[in-house]
Structure formats: structure tokens, C-alpha cells
Amino acid sequence: MKDIVDRAFQLRGGNQTTIDMVPPWKLAVAGGENIYDVQTYGARGDGIAVNNPDTTIKAAINAAKAAGGGIVYIPAGTYLLGDPSAGVASLLLDDTYSNVWIRGAGRDATILKVANGIDNSPLGFNGAVNCRLSDLTIDGNAANQTTSSLGHLTGLHGFSISGVGHFIDNIRVKNTGGYGIACAQGSTGPTASIQNCTFSNIIMETTGSDGFESKDTLGENTICALVNCYAKDWGTLSTAGSFEGDKTGYDMSGPWQCANIYGLNTHVNHADTGFRFRPRDTSTGGISSLPNGWFKGPGAGSLAGEGIDMGSEFNHVTNCHVEGWNVGVQSRGYDEQGGMCSNVSIDACTTGLMLVQDQLVNYYPSIFSNFQIRDCTTAVWFRNNDHILRDFMIRDCTTAFFFDTSTWSSSRNQVRGGKLFGGFTSWVTVDASSDNNIIEDVDFSQASSGAITDNGTGTIFRNCPGYVTRNQGVTSVADNGTIAHGLVGTPTAYGAATTTADEYCAISAVSSTTLTIQLTKADGSAGTTANVAWWAQLKS
């Protein structure tokens, strides 16, 4: 990842790390040439005057464009953007622009703010080439716009970007009606893709829809980097208690290399997701990675969304922590290759890890290793086939493993090399029609007794300490009395015989805790009390 960032452009402040990757105009402007101060073109940053973007800041941008490139410098201050007569606040650079660097005096020193009642997005690189944006804040001022349906319904994004070779660094985007940052939103031409771009040191907060959103309609995106970013409180304009649009902190289509990504959403009862690699559907998707992420949701619940949605297709997620979601980490099939997930901790979610198939053709499994799950209702929920889990610790969950066939099959999964701690109600539940799952080298000995309900076929428990597969004994019992068998689930095989003369027995009922004994005498009459030698076992 460091190589990607270092080879993108020079670092902020004029120092370059890989000169051969820095366009010549950037070396020139770093030395003090080709700098265009927007105040020279009439822009005012007093937070009172409303700047017509076309005649002030855009004039400085056009001057840099005409010179073949340069820095457009925006000194410290709050610049209200908008032409009330035209309803325009946008500083849009289309595919005729290249080599322009819009630079503020600091992320919290220079603020570009949409004026009241303008109903427009403030800034965008729409098909431009080799442009840069740094050291400022973009304020969408969504609360003071007049459009009746703000947010994702109108697309009032903070910053839109498409094209090739851009570097976005050290900015804050806040109070937007739509996305914080919107990538490749077009359907055709240069606005429909984003290629070889780097985003670093970005804060996105209080966005009406997604914090960071990338489309890939044509499947033409090439690898871009997203590094050291923080999204806070996205989806603020969606309706509480609804699945209105499924807002996401980071929604990534196309190949992305991400690192050090953080998300915090405090909105209760919203169908929101922390981080999503968009699965391949039509032409979108891509092989992506996320090392080092932290995503905290509003609390477990049916509308809390997912902390991380892997999207599969060989995507790799590692060294991440998620908590407070409906699903901590989800891997779902979209007719693509399986992903890999390692070194992940999951806390306080309804479901810790969900393996699910959303489309029905050519689904490939995922591999999960070195993970910790605790304080979840269901630790691992299998809703698909052939996944591999290994080297894990699960603590204090209601159910450790659920093999579910209510929607799709759940067979041939492998759970190997882990340990359960603390309190559980159920260790393992296997639905009917769930075939040939393997649970091997899993230590149950440090967990409180949990039920094992195995209604599947060919389930194998192998070398699992603490998992009692057979109990037996001799117990004195009356007719229609019960014997506690002491197993962790309903026995799959059992038997009984009396050791008392003239008394015969049969097991008339079996439950997850007891065997019910029916006694008869030699003449066929009901028995009274007898010593019964019994045994019971679970499939192993």
C-alpha cells in the first residue's frame, strides 16, 4: 500500500518521493510558480459574501488550465458558493481540464460552503485528468437547502470525481445531502470510470447518503487507493426504521486497495453498512483488499446492517475490528470467486459472521482464519456451501454455529481448529438437508454446556474435547419415569435394559435432556420400579 501512495504523486508540502511519477508541472508549482490565488480573482472568504463560482474561483481554475497546469490557492476563510439566480454552486472540472491542483490553507482553515437555498453540489473532477485537491473542507450545508427530497434522492454530493490520475488528500467533507465523495457516477464516457487515483487522509461526516461511494458501471475502473480515511454518521437523511437505500460508510466498486479505514455510525434503526466491496453484478466489482479497518455501528438489530460486506471475488479483509451491527462480517455470493478474511475481531452483533448466497450461479467459497467472536446471538451462520473456518475463538454467544437450509443449502462446510469459552445456549444447530459438514479439533471444554441439534446427514464431529458423544449408567426409575442422559443434545442412538427380575423396559420418548422409560412385567402388566442400564450417544 505504501508503494501505491508513494507512487501516486508528491506528498503534501512540496516533497516528492518518486520523481519519475510526478508530472513536470507539479515540480514547477511546488517551487512557487504557476500559483493562482482565488482572492486575486475576486473570491471572498469572509463567510458572508456569496461567491459566484464561475466568475471567482472558477476563473482562477481556468487561468491554471490555460497555462497547462498550476496551483489554485484558496487562502484561509469560509467561501460561500452559489449563484442564487442560476441555482449553481458547482466548481466542475470536465475532461478538458488537466494538471490543476486546488489547494487550501489547511483542512480546517479553508472551507468551501454551499450557500443557503442553492440545491447544488459544490465541487467535482468530472472526467478531468491528473488533478489534485487538498487541504480544505467542503461543507454541503444540507440543512439549509430548499429541495423537498434532499440526500440520495437528489444527489447533492460533497465532491464528485471521475477520470484518471487524481490525488485527493487532507480534506474534510461534511453536511452533504447526498454522498460525501461520489466516484464514477456517469453512465458513459469519462465520467463513468475512475482510474489510478489516490485518496488519503480524508474525513467524511454527517452525509445524507453514503460517506464514500464508487460506481463502476462500465467495468473500466482500474486500481485506486483509499488510505487513512474516517467516515462518521452517514445516511443521516434516510428515514429511521426503514431499509431506505441501505446507506454505507464506504461502498466500493471496481478494484480498490484500501488501508487504515475507519467508520462510526451512531444512527439507530437504519439499514446501514460500514464497509462494502461491491460484488460483481453485471460488469462491476474487482479484486480488492482491506488491511486495517475499524467499524462501529449503532448497536445490534435488524436494521443495523453489516460492519463489513466482503462481496467475495478474491477480496481480502485482514486486521479489522467490527462491533454493534446486525451482521459483523458478511461474505455473499454474486456469481464470483470466494474471498479471504483473517485476523478479525467481532463484538456485540446479532450475527458475527454470515456466509450467504445472494445469487444462485457459480458461487465459490470463502476462507476465514484467526478470528475472534464474542457477545453475539449467533457467532457463525452458514447459509451456503463449502466454506472453511479455522483457528478461531468464540466467547459468550447464544449459538456458536448454525447450518441453515431455510433459503439455500448449507453443506460440506469445514470448521477446524478453534475454541469456545463462556456461556452458550446452543453449540451447534444443523438443519435438515444440511449434508456432510465437518467440525474438527474444536475445544468445547471451556464452554458451558450447550445443546447440539443435528438434523442433517453425515455431520462429523472429530477430536472435539468437551463434546460428550456417549453416556451410560444404571438408574433406578419408575414406570414412565425419566433418566437424565447428560449429553449436549438429543441423542441420535440410545438403548436400555432392566437388571430387575420380571421387569422389562423400552424407551418411549427422547429429548435433549432425558430418556423416558416404560416398564412392563412378564405378564404384560405395567411395571413399577426397576434398575435400568441405559446408554445414549450423539453422532460423531
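A quick note: this is a predicted structure, and the numbers were derived from the prediction, not measured. (Residues numbered from 1 in each chain as written. Predicted model: local features only at pLDDT ≥ 70, side-chain atom pairs only at ≥ 80, totals over all residues. Heavy atoms only, no water.)

## Remarks on the overall build of the protein
Note the following rule: Secondary structure elements follow DSSP: runs of H or I no shorter than four residues count as helices, runs of E no shorter than two count as strands, and numbering proceeds from the N terminus. Only protein chains enter the accessibility calculation, which uses a 1.4 Å probe; a residue is then buried when its area is under 20% of its type maximum, exposed when over 50%, and partly exposed in between. Residues are treated as being in contact if the distance between any of their heavy atoms lies within 4.5 Å. Per-residue accessibility takes into account occlusion by the displayed protein chains alone, with areas from the Shrake-Rupley method and a 1.4 Å probe.
For the protein, the helix and strand inventory stands at three helices and 40 strands. Split into buried and exposed, the 540 residues of the protein put 53% on the buried side. Within the protein, residue pairs in contact and separated by at least 24 positions form 73% of the contacts whose partners lie at least 6 positions apart. In the structure as shown, the protein presents an accessible area of about 19,800 Å², 48% of it carried by carbon and sulfur atoms.

## Details of the environment of phenylalanine 275
Tracing the sequence through the fold places phenylalanine 275 in strand 19 (residues 273-277). Exposure remark for phenylalanine 275: the relative accessible area of 0% places this residue in the buried category. In this structure, the C-alpha to C-alpha distance between phenylalanine 275 and methionine 252, residues 23 residues apart in sequence, is 8.0 Å. Those residues in contact with phenylalanine 275 that lie beyond four places of it in its chain are Tyr250, Met252, Cys258, Ile261, Leu290, Phe295, Gly307, Ile308 and Asp309.

## A few points about the pattern of salt bridges
Quick reminder of the rule: When a carboxyl oxygen of Asp or Glu lies within 4 Å of a side-chain nitrogen of Lys or Arg, that pair is called a salt bridge.
Evaluation of the coordinates by the stated rule reveals 14 salt bridges. The partner of arginine 276 in a salt bridge is aspartate 251, with the nearest N and O atoms 3.4 Å apart. With arginine 276 in strand 19 and aspartate 251 in strand 17 (residues 248-252), this residue pair connects regions lying 25 residues apart in the sequence. A single burial state applies to arginine 276 and to aspartate 251, both of which are buried. Measuring nitrogen to oxygen at the nearest pair gives 3.5 Å for the salt bridge that ties arginine 276 to aspartate 309. With arginine 276 in strand 19 and aspartate 309 in strand 21 (residues 306-309), the pair connects residues that are 33 residues apart, well separated along the chain. Of the two residues examined, arginine 276 and aspartate 309, each falls in the buried class. Each member of the salt-bridge network shares a partner with another, and the members are Asp108, Arg172 and Glu205.

## Some thoughts on the sheet that holds strand 35 (residues 470-478)
Here is the rule: Here, a strand pair is defined by DSSP locating no fewer than two bridges between the strands. For helices, the axis comes from a line fit to the C-alpha atoms of the stretch in contact; other axes are also lines fit to C-alpha atoms, and the angle between any two N-to-C directions lies between 0 and 180 degrees.
A sheet is described by the order of its strands in space; here three strands give the open sequence 35-40-37, paired in antiparallel fashion. Edge strands, defined here as strands with exactly one partner in the open sheet, are strand 35 and strand 37 (493-498). Strand-to-strand, the axes of this sheet are offset by a mean angle of 20°, without reference to chain direction. As paired strands, strand 35 and strand 40 (residues 529-537) are joined by nine bridges and run antiparallel to one another.

## Concerning the pairing of strand 24 (residues 340-347)
On a regular strand, each side chain points to the face opposite its neighbour's, so the side chains alternate between the two faces of the sheet. Sheet topology note: the strand 22 (residues 316-323)/strand 24 ladder contains seven bridges and is parallel. Across the sheet, histidine 321 pairs through a bridge with serine 345, a residue of strand 24. Where strand 24 and strand 26 (residues 367-374) come together, seven bridges link them in parallel fashion. In the sheet register, serine 342 faces strand 26, and the bridge partner there is serine 369.

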